[in-house]
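So the chains spell out like this:
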Amino acid sequence: MTPSLSPPTSQARSPWTCPFCPLLCDDRRPAAPGCARAEQALAQLRRPRPSSDAGPAARVDGREVALDEALAVAAERLAAAGQALVGGWGCDVAGARALVRLAQRLGAVVDVGTSAGEPLAQGLRALQDRGSFTATLAEIRERADLIVSFGSAVTASAPRLVERLLAGRGADGRAARPAWIHVGRAEDRPAGLEAELLALPGGADDLPDLLVQLHLELGDKAEAVRAATPPPVRALAARMRAARYVALLWEPSKLGAQAALPIERLTQLLMRLNRVTRAAALPVGGADGAMTAQYVHAWMTGQPLRSRHAPEPGGDGRAVPEHDGRRFGAARLLADGAVDALLWVACLSAAPVPAAPCRVVIGAAALVEGGHLGDEAGTVFLPAGVPGLDHGGHLFRVDGSVLMPLHAADGAADGVEASSAPPAARQVLALLERLGAGRAAA
């Protein structure tokens, strides 16, 4: 039975949760987010004060139309598709739940398909093969005495990560700040602290070899096997063994095209470390609704994204979908022309929408204003609000087990004018209603 979540009520000075990075920080306001990523997103998505109460217009093939007309055309085109793809998933929990129902109705393939999608799938593949030990932000902040980050700067997609993990450490009688070692290039050390460096001049390209060396050093191999391990790697292994709690951090999207391989090795390191001490991981990713989509789809269907739903013949839509992490990747399907309709949801960022012969795009007005739809022939655009700016909702945080409430911004206090566009969930449910009416008529 799936949880029932209602959007939090908007109050003038209710806590504001920033929806624009995996950390979902809830201690700042839109007027002063103190974060480069949030400031960039707000600059793209904030709206000028409207001259009237009219919200952003729906569009069909590049022309503005009434919302009802756009919904009718979108439902008709989706119903006629031979194989639809549901992608983007840039929305909150309520929107993701509605998208799962729509995918079941259409017999669609589901995948995020954004820059966050492939890393999400790579990390999932390693988790399916090996399992893992993971931790929350609070657990690392309170318990870790050694933090090791791997590869590219993990603060690129989560600028306040260092602050969130080290807040309060070494003050007011609390435990001293943990040692932090970065394994990678010098220029990729996390911003905001002086981390020790185990240099990898080639960055992610050099990481697999180092992980093999570290894995051998932490194993039960004979001294002769480990003799060739470079001294810095041996020193890192010794510090890991001696620590009371080791936290390993990495950003899957920065580990290359075969990210599943280093992630699998990293999880093996966790297994070995947990024989002698406590160790856990915090993969940094899942922004723009990707983490939320993965969790919602899994709890509602029993399978993760990159699955295909069986066409619904009039039943209740509860058949278990077919999952294949390679076969059902959105980028590959679109490049091969294997789908003839794309439903794309993008309410949390403004980025180019993939091309497809038939597209239904649900998203922020900035997609149109910024020209991110490209050629609009064959495209239906349905405007939707931004969760955390225009309406409340919920998103899953980077550590997965924490569901954060979103609150609409207070325009007067925060300088952000709310849009009158409905939440994405409402537009998806309106499509479902029209698809149901069309099937009944047939």
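Residues numbered from 1 in each chain as written. Predicted model: local features only at pLDDT ≥ 70, side-chain atom pairs only at ≥ 80, totals over all residues. Heavy atoms only, no water.

Draft legend 1. The arrangement of the overall build of the protein chain in detail. Along the protein chain, the regular secondary structure elements total 15 helices and 16 strands. Pairs at least 24 apart in sequence give 67% of the contacts found in the protein chain among residues at least 6 apart. Of the roughly 18,500 Å² that the protein chain leaves accessible, carbon and sulfur atoms contribute 51%. (Helix = DSSP H or I, 4+ residues; strand = E, 2+ residues; numbered from the N terminus. Contact = heavy atoms within 4.5 Å. Areas by Shrake-Rupley, 256 points an atom, 1.4 Å probe, with all protein chains shown as cover.)

Draft legend 2. Region of interest: the sheet that holds strand E11 (residues 322-323). Taking strand neighbours across the sheet as the criterion, the 9 strands line up as E2-E1-E14-E13-E12-E3-E4-E10-E11 in an open arrangement whose pairing is mixed. Each edge of the open sheet carries a strand with a single partner, namely strand E2 (63-65) and E11. As defined by bridge partners, strand E4 (residues 109-110) adjoins strand E10 (residues 307-308) across 2 bridges and the pair is classed as antiparallel. Counterpart to Val-110 in the pairing with E10 is Ser-307. Across the face of the sheet, helix H3 (residues 93-106) comes into contact with strand E3 (84-90), E4 and strand E12 (341-346) while running at roughly 175 degrees to E3. (Pairing = 2+ DSSP bridges. Axes fitted to C-alpha atoms, helices over the stretch in contact; angles between N-to-C directions.)

Draft legend 3. View of the pairing of strand E6 (residues 179-184). Extensive coverage of E6 is indicated by the burial of 5 of its 6 residues. The sheet contact formed by strand E5 (residues 146-150) and E6 spans 5 bridges and is parallel. Bridge assignment links Ile-147 to a residue of E6, and that residue is Trp-180. Of the pairings in the sheet, the one linking E6 to strand E7 (residues 196-199) comprises 4 bridges and is parallel in character. Looking at E7, one finds that Gly-184 is bridged to Ala-199. (Buried < 20%, exposed > 50% of the residue type's maximum accessible area, 1.4 Å probe, protein only.)

Draft legend 4. Broad picture of the packing of helix H7 (residues 207-218) against helix H10 (residues 260-273). The N-to-C vectors of H7 and H10 enclose an angle of 20 degrees; their axes lie 10 Å apart at closest approach. One finds that H7 runs roughly parallel with respect to H10. The element H7 and its partner H10 pack so that their crossing is left-handed. On the side of H7, the interface is formed by Leu-207, Leu-211, Val-212, Leu-214, His-215 and Leu-218, while H10 contributes Pro-262, Arg-265, Leu-266, Gln-268, Leu-269, Arg-272 and Leu-273. When its residues are assigned to classes, the contact of H7 with H10 shows 9 nonpolar, 2 polar and 2 charged. (Parallel < 35°, antiparallel > 145°, perpendicular 65-115°, else oblique. Left-handed = near helix turned anticlockwise from the far one by under 90°. Nonpolar A, V, L, I, M, F, W, Y, C, P; charged D, E, K, R; others polar.)

Draft legend 5. Up close: the nonpolar core. Ranked by size, the top nonpolar core spans 49 residues in total, and within it Trp-89, Ile-362 and Leu-431 carry the most contacts. For this core, the leading source of residues is H3, giving 8 residues. With sequence-adjacent residues up to four places away left out, Leu-431 is seen in contact with Leu-71, Ala-74, Ala-75, Leu-78, Leu-102, Leu-343, Val-360, Ile-362 and Leu-382. With 30 residues, the next largest nonpolar core counts Val-148, Leu-198, Leu-200 and Leu-269 among its residues. (Core = buried A, V, L, I, M, F, W, Y, C linked by side-chain atoms within 4.5 Å.)

Draft legend 6. Representation of the environment of Gln-44 within the structure. Structurally, Gln-44 can be placed in helix H1 (residues 36-45). The class of Gln-44 is partly exposed, set by a relative accessible area of 36%. When the C-alpha positions of Gln-44 and Ala-364 are compared, they lie 9.8 Å apart, and in sequence the two are 320 residues distant. Dropping the residues within four chain positions of it, Gln-44 is found in contact with Ala-350 and Ala-366.

Draft legend 7. Looking closely at the environment of Val-86. Here Val-86 is to be found in strand E3. Between the C-alpha atom of Val-86 and that of Leu-343, which follows or precedes it by 257 residues, the distance is 4.8 Å. What Val-86 contacts, discounting residues up to four positions off in sequence, is Leu-99, Ala-103, Ala-108, Val-109, Val-110, Asp-111 and Leu-343.

Draft legend 8. Just the packing of H7 against helix H9 (residues 231-242), in detail. Put simply, H7 and H9 touch, their axes get as near as 9 Å, and they point 50 degrees apart. In this view, H7 runs oblique relative to H9, as classed from their interaxial angle. Seen from above, H7 lies across H9 with right-handed handedness. Contact residues: H7 offers Leu-210, Gln-213, Leu-214, Glu-217 and Leu-218, while H9 offers Val-233, Arg-234, Leu-236, Ala-237, Met-240 and Arg-241. Of the residues in the contact of H7 with H9, the class split is 7 nonpolar, 1 polar and 3 charged.

Draft legend 9. Spatial organisation of the pairing of strand E15 (residues 393-396). Burial along E15 is two-sided: Gly-393 and Leu-395 and His-394 and Phe-396, pointing in opposite directions, are all buried. Sheet topology note: the E15/strand E16 (residues 403-406) ladder contains 4 bridges and is antiparallel. If you follow Phe-396 over to E16, its bridge partner there is Leu-403. The antiparallel hairpin formed by E15 and E16 contains 6 residues in its connecting segment, where Gly-400 sits at a positive phi of about 80 degrees.

Draft legend 10. View of empty space enclosed by the protein. On inspection of all chains with the given rule, the structure shows 3 cavities of 30 Å³ or more. Of the pockets and cavities examined, the largest cavity occupies roughly 90 Å³. If you trace the largest cavity, you find it lined by Cys-18, Phe-20, Cys-21, Leu-24, Cys-25, Arg-28, Pro-33, Cys-35, Arg-37, Ala-38 and Arg-160. What the second largest cavity holds in volume is close to 50 Å³. Considering the residues around the second largest cavity, the lining is formed by Pro-19, Cys-21, Pro-22, Leu-24, Gly-286, Ala-287, Asp-288, Gly-289, Met-291, Thr-292, Leu-395 and Phe-396. Going through the elements one at a time, helix H11 (290-301) and E15 are the ones with two or more residues in the lining of the second largest cavity. Here the lining of the second largest cavity is composed, by residue class, of 8 nonpolar, 3 polar and 1 charged. (1 Å grid on protein atoms, 1.4 Å probe; cavity = no way out; pocket = protein on both sides within 12 Å on 5 of 7 lines; lining within 4 Å. Points joined across faces, edges and corners; volume = space filled by probe spheres on them.)

Draft legend 11. How the structure looks around the sheet that holds E6. Read from one edge of the open sheet, 5 strands run E7-E6-E5-E8-E9, paired in parallel fashion. Each end of this open sheet is capped by a strand with a single partner; those strands are E7 and strand E9 (278-283). Shown here is a sheet whose adjacent strand axes are inclined to one another by a mean of 20 degrees, direction ignored.

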